[in-house]
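# Coordinate inspection notes
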Amino acid sequence: MPIVESNKVTDSNAATTPTPSAAVLVLEDGRMFRGRSYGAQGTALGEAVFATGMTGYQETITDPSYARQLVVQTAPHIGNTGVNSEDAESRKIWVAGYIVRDAARRPSNWRSERSLDAELVEQGIVGIQGVDTRAITRHLREHKTMRAGIFSGEAAQASDKELLETVLASAPMEGAALAEEVSIDEAYVVEPKDHGWDGEPRFSIAAVDLGIKAMTPVRFAERGVRVHVLPATATLEDVNAVSPDGFFMSNGPGDPATADHQVTLLRSVLDEKLPYFGICFGNQILGRALGFGTYKLRYGHRGINQPVMDRRTGKVEITSQNHGFAVDAPMNGATVAPEERYGRVEVSHVSLNDDVVEGLACLDIPAFSVQYHPEAAAGPHDAAYLFDRFIDLMADTKAATAANSTDTKTEDQK
């Protein structure tokens, strides 16, 4: 029987789905939920969180923002449509462990290539099925997200005390620097012509991969934007080397308080007045670059049904989200950023569930960001306009730069 430790399979026959064995989910406050193994067998440690999406489980587990997290799916039936090679949001499964109530016995969909269970085994992801996910979700909502462990196979034979001690010895999410772990090692380019765009690219952007989802550069490319995807360790020299019209920072896992390198990079970009757009982690980094703090949410926002209001228009968007941290910025209109050289900033979007900051807009420099996922795969497309807004921002900035250059030449001629 294959045993997994830290998501690394040690049995050469791990691709064969093992017979389910006893499994247990242990939360750091001592609460335990017993069920059967799902996917690989062994031990998985991480932060227990819940995701409320009723569809898109393959996109969820391959979202790098879920690195080092044990994901509880609130939808009761998971695995119905299997998995395929097209819907993954990154190069692998990133969840540390997977928790479902009723796992499909066999997939049924014309696009299915293999079962979710087999995919979890293949990639060494330890899961648990047959547990009351509603009770787990209620517990996390009432007591906050917390460290947890899934134990199955031989690992589940340890005493309750030993299992809890293992959980308590694991690392918390606070202080975790994970963007560099999930990012790419080498830069690559996503071309508009490969995604239905006819003609020359309209703009070119540098996009820092902090855990980027595959659909994000695709959404840009569909609109005629060439995307140079750079590693999380990229420098200002790396950014300028691709001569971008704009700069983008993606979603990603971990504590934004650890992202000092990315904050320094963004400040350098803002100082050069290069248009900026950030989502999720990129929103938190903009907040830090402007001088605001960040904090950990009690249980975060994860799912594809999160209501957000655009405070400028009053329009309500249903959004896709996955974050456990938020920006601490004033809600009462425009204010001068703590880093005063960046001028005025305002909270542009707000969560209608708990008044969390969902977007920032700079009024004196070309920069804005949102806390949610406008690429929305899977999920609603209410926020797709944000890609167009960034394109408009790059066009306006380019036009203003050209006008200033013309004025300067005119003055020199005089």
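The rules behind the values
- Residues numbered from 1 in each chain as written.
- Predicted model: local features only at pLDDT ≥ 70, side-chain atom pairs only at ≥ 80, totals over all residues.
- Heavy atoms only, no water.
- pLDDT = per-residue confidence, 0-100.
- Contact = heavy atoms within 4.5 Å.
- Core = buried A, V, L, I, M, F, W, Y, C linked by side-chain atoms within 4.5 Å.
- Buried < 20%, exposed > 50% of the residue type's maximum accessible area, 1.4 Å probe, protein only.
- Helix = DSSP H or I, 4+ residues; strand = E, 2+ residues; numbered from the N terminus.
- Patch = residues over 30% accessible without salt bridge, like charges linked within 9 Å, V, L, I, M, F, W, Y side chains within 5 Å.
- Areas by Shrake-Rupley, 256 points an atom, 1.4 Å probe, with all protein chains shown as cover.
- Salt bridge = Lys/Arg side-chain N within 4 Å of Asp/Glu carboxyl O.
- Pairing = 2+ DSSP bridges.

Confidence along the protein averages 93 in pLDDT terms, with 94% of residues attaining 70 or more. Predicted confidence is poor over residues 1–14, with pLDDT under 50, and the contacts of this stretch with residues over four places away or in other chains come to 33 contacts.

Grouped burial of nonpolar side chains is what soluble globular proteins tend to show. The biggest cluster of nonpolar side chains holds 36 residues, and the ones touching the most others in it are Phe 247, Met 249, Leu 266 and Leu 270. Mapped onto this core, the elements with two or more residues apiece are β13 (203–208), α7 (236–241), β15 (246–249), α8 (260–271), α9 (281–289), β20 (344–351) and β21 (357–362). Ranked by residue count, the leading element in this core is α8, at 5 residues. Core analysis: the second largest hydrophobic core is formed by 25 residues, Phe 277, Val 308, Tyr 372 and Leu 393 among them.

Below, the discussion takes up a nonpolar patch on the surface. Judged by side-chain polarity, Val 316, Ile 318 and Leu 352 come together as a nonpolar surface patch covering roughly 220 Å² of accessible area. Following the sequence through the fold, Val 316 ends up in strand β18 (residues 316–328).

This brings us to unusual backbone geometry. The phi angle at Arg 68 is positive, at roughly 60°, despite the residue not being glycine. The exposure class of Arg 68 is partly exposed, given its relative accessible area of 29%. At Ser 243, a position not held by glycine, the phi torsion is positive, near 50°.

For the rest of this paragraph, the subject is the pattern of salt bridges. Under the criterion given, the structure shown has 21 salt bridges. With a closest N to O distance of 2.8 Å, Arg 344 and Asp 364 form a salt bridge. Taken as a pair, Arg 344 in strand β20 and Asp 364 in the loop between β21 and β22 (367–370) lie far apart in primary sequence, 20 residues in all. Arg 344 sits in the partly exposed class, given a relative accessible area of 37%. The network of salt bridges with shared partners includes Arg 267, Asp 271, Glu 339 and Arg 341.

A word on the pairing of strand β17 (residues 293–310). Bridge analysis of β17 against β18 gives 11 bridges, and the strand direction is antiparallel. Directly across from Gly 303, in β18, lies its bridge partner Gln 321. Counting the residues between successive antiparallel strands, the hairpin from β17 to β18 contains 5 residues, one of them, Gly 314, with a positive phi of roughly 80°. Pairing between β17 and β20: 3 bridges, direction antiparallel. Each bridged residue has a counterpart across the sheet, and for Met 309 the counterpart in β20 is Val 350.

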